[in-house]
Structure formats: structure tokens, C-alpha cells
Amino acid sequence: MVEDYDPCEVEVDTEYIGHEIKCFDEVDSTNNVAKRMAEDGATEGTVVIAKTQSRGRGRRGKPWISPQGGIWMSIILRPEVHPSRAPLLTLVAGVAVARTLRDECGLDVGIKWPNDILIGDKKVCGILTEAHARFNTLEYVVVGVGIDTNVDISHFPDDLREGATSIKNELKRDIKSSELIARFLRNFEEAYNSFKDGKMDEILTEWRKLSKTIGRRVEIRKQLGEIVHGDAVGINSEGALILELDDGTLRKVISGECIHR
Ligand code: BTN
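Fair warning: this is a prediction, and the values are worked out from it, not measured in the lab.

A. Summary view of the packing of aromatic side chains. Enumeration according to the criterion identifies three aromatic pairs in this entry. Note on Phe184 and Phe188: the rings are 5.8 Å apart at their centroids and 40° apart in plane angle, and the pair reads as tilted. Here Phe184 pairs with Phe188, and both are found in helix α5 (residues 177–196), just four residues apart, close to one helical turn. The same class applies to Phe184 and to Phe188, which are both buried. Pairing Tyr192 with Phe195 gives two aromatic rings, centres 6.0 Å apart and planes at 15°, and the pair type is stacked. Placement of both Tyr192 and Phe195 in helix α5 is noted, with a separation of three residues, approximately one turn of the helix. In this pair, the class of Tyr192 matches that of Phe195, namely buried. Feature note: the residues Phe184, Phe188, Tyr192 and Phe195 constitute an aromatic cluster, connected by ring pairs.

Written out as C-alpha cells, the structure reads:
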């Protein structure tokens with residue numbers, strides 16, 4: 001029996017993130033709903049949560065399986081920064097999820113660049129950041145977070161099951177979704193304030209400590225089919241992954257699918 005939590009019962013103790021929460025039993029994708037709301041003028045910090053998504057979206061156009069029992073939510077942000085800084089919000093959210101799973105569930109999590117939250121080498125959470133800019137001005141960003149909380153992984157398709165886990169899978173019990181969301185929103189607000197206050201260095205330092213990618217041999221699959229192999233040696237101030245290639249040169253990778261080898 002899957003926990004039937006009511007996303008509207010989340011008791012937030014933040015300054016502004018999650019003061020407005022729109023909850024739904026089912027949507028196509030909370031990111032789609034949040035984008036429409038942002039276009040209609042929703043304020044910074046508005047959160048969209050759904051119990052299930054019929055067309056949840058992952059990165060690189062992949063579907064995101066979103067059964068009841070998971071946390072599927074999106075946050076609308078309006079930071080006054082250059083659009084090139086928007087991808088950093090994926091790292092901000094990753095650090096906030098990691099803090100939350102550690103403090104609320106006692107789980108030792110790591111991050112695979114740029115956006116996979118791992119327990120061991122299995123993915124428990126993904127982040128999809130979508131930005132909308134006009135004339136070089138960032139109008140809004142939607143940060144979508146999907147956490148496999150009280151989800152039974154055995155129902156996942158074969159190809160996904162191998163690399164996935166859930167909190168229920170790890171702890172052998174259900175957790176209280178509303179409490180996890182409240183803690184996440186608090187952690188996210190704190191990390192996001194650091195980003196806005198020009199203290200991204202602090203977040204990047206924490207991210208590097210959580211990183212499971214730095215120090216690994218990786219394969220990066222880029223959008224147009226290019227594949228790059230190298231040793232991941234760090235991330236820079238833009239959140240780009242720095243690879244040392246086999247000929248010893250350094251290459252900066254801004255986006256792509258990262259596979260640990
Ligand atoms: C990934 O790892 O590929 C990103 C997955 C992001 C999933 C979340 S669930 C809430 C929000 N709505 C979506 O359609 N996607 C994100």
C-alpha cells in the first residue's frame with residue numbers, strides 16, 4: 001500500500017520558497033505546469049507538486065516514470081542573473097537534495113555530474129532545469145525535482161531497474177513525503193540564497209565533496225552524437241565538467257550524458 005500523502009499538507013517554514021504551493025493528483029509534467037504558471041506571472045518560489053505525472057520528462061527528452069509514492073515537484077525561480085548562470089541551479093538543487101536525504105533519512109548520497117543523485121551507484125533522484133530567456137535576460141527558471149521515495153523499483157522497466165533505487169528500497173520502510181518536501185524546500189532556499197548572494201563558491205565546494213564523478217574515468221555522450229572519453233578532474237565555476245583527455249589536454253564539457261566507466 002503506497003503512502004497517500006497530500007502535497008498540500010506540506011508545512012513549510014521558509015521565507016519565500018513554497019509559500020505558494022499548487023498541488024495536483026495528476027498532471028502531464030510538473031515542469032510543464034510550472035512553465036505555464038511562470039508565463040502567467042507566478043511569483044518566485046511558487047512550487048508545483050503532483051502525486052503522479054502521466055508524461056514526466058527527464059533530461060535529453062527521456063521519459064521520467066512517475067508513479068504514486070514518489071515526489072514530483074517543480075519550483076519557479078526568477079533570479080536576476082545572466083542566462084548563462086541558469087545551469088548552476090541544477091547543482092544548487094542537487095546539493096539541497098543531498099543535504100535533505102542525509103539529514104532526513106540518514107542516507108549517504110553522492111552526485112553524478114550534472115544532476116543525478118545516487119545512493120551507491122544507483123540513481124534515486126533526477127533534476128531537470130529549464131530556463132526561459134528573452135533578449136539575454138533570464139525571465140524565469142523552472143527547477144524540476146523527481147525523488148523516488150516510496151516507490152517500488154520492481155515495477156520499473158528492466159532497462160531502468162538496474163540503475164535505479166528508491167528510499168523505500170534502501171530503508172525498507174516508507175518515509176513521510178510531506179516532511180521530506182518541507183525539509184527540501186528549506187535546504188533549497190538556503191542554497192539558492194547563497195547562489196543569489198554571490199556565494200556560489202560555497203555550493204560548488206559542497207558539490208565537489210559530494211561528487212561521485214570527479215576522479216572517475218567517464219564517457220560523455222554529447223547532443224550531436226559526439227562521444228568524449230577522459231578522466232573527470234573537476235568542475236569549474238560555471239558547473240562545467242573538466243576532463244583530462246588521454247593526450248593530457250583539458251576539455252571543458254558544458255552538457256551531455258555522463259557515464260561512469
Ligand atoms: C533526469 O534525471 O533526467 C531528470 C528527471 C527530472 C524529473 C522531474 S519530476 C518533476 C519534474 N517534472 C518533470 O516532468 N520532470 C521533473
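B. Expanded view of the pattern of salt bridges. Counting across every chain of the model gives 23 salt bridges. Between Asp103 and Arg183 there is a salt bridge, with its nearest N and O atoms 3.7 Å apart. Of this pair, Asp103 sits in helix α2 (residues 88–105) while Arg183 is found in helix α5, placing the two residues 80 residues apart along the sequence. With its nearest N and O atoms 2.8 Å apart, the salt bridge here joins Glu219 to Arg221. When its relative accessible area of 6% is taken as the criterion, Glu219 is described as buried. Using a relative accessible area of 32% as the deciding quantity, one classes Arg221 as partly exposed.

C. Layout of the site of the ligand. In the vicinity of the ligand, 20 residues are found, and the nearest of them are Ser29, Gln53, Arg57, Arg59 and Lys123. Note that a nitrogen atom of the ligand is positioned 3.1 Å from one of the side-chain N or O atoms of Thr30. One of the backbone N or O atoms of Arg59 is found 2.7 Å from an oxygen atom in the ligand. Here the ligand, which alone exposes 410 Å², has 97% of that area covered by the protein. Looking at the shell around the ligand, the elements that each hand over two or more residues are α1 (30–39), β3 (71–77), β6 (122–134) and β7 (137–147). The leading source of residues in the shell around the ligand is β6, at four residues. When its residues are assigned to classes, the shell around the ligand shows five nonpolar, 11 polar and four charged.

Quick notes on the rules
The residue numbering used here restarts from 1 in each chain and proceeds along that chain's sequence as written. Selection of residues for local features in this predicted model requires a pLDDT of at least 70, selection of side-chain atom pairs for listing and counting requires 80 or more, and totals for whole chains, interfaces and linings are taken over all residues. Side-chain calculation: all heavy atoms of the structure are included, whereas hydrogens and water are not. For Phe, Tyr and Trp, rings pair up if their centres lie within 6.5 Å, where Trp contributes its six-membered ring, and each pair is then called stacked (planes under 30 degrees apart), edge-to-face (over 60) or tilted (otherwise). What counts as a helix is a DSSP run of H or I of at least four residues, what counts as a strand is a run of E of at least two, and both are numbered from the N terminus. Relative accessibility thresholds used throughout: buried, under 20% of the residue-type maximum; exposed, over 50%; partly exposed, between the two (1.4 Å probe, protein chains only). What makes a salt bridge here is a side-chain nitrogen of Lys or Arg within 4 Å of a carboxyl oxygen of Asp or Glu, nothing more. Only a single heavy atom is needed: when it lies within 4 Å of a molecule or strand, its residue is near that molecule or strand. Any N or O atom pair separated by 3.5 Å or less is treated as a polar contact, with the protein-specific requirement of one donor-capable and one acceptor-capable atom, and with residues adjacent in sequence counted only for side-chain atom pairs. Methods summary: accessible areas were calculated by the Shrake-Rupley approach with a probe of 1.4 Å, and residue burial reflects only the protein chains presented. Residue polarity follows a fixed list, in which Ala, Val, Leu, Ile, Met, Phe, Trp, Tyr, Cys and Pro are nonpolar, Asp, Glu, Lys and Arg are charged, and the others, Gly among them, are polar.

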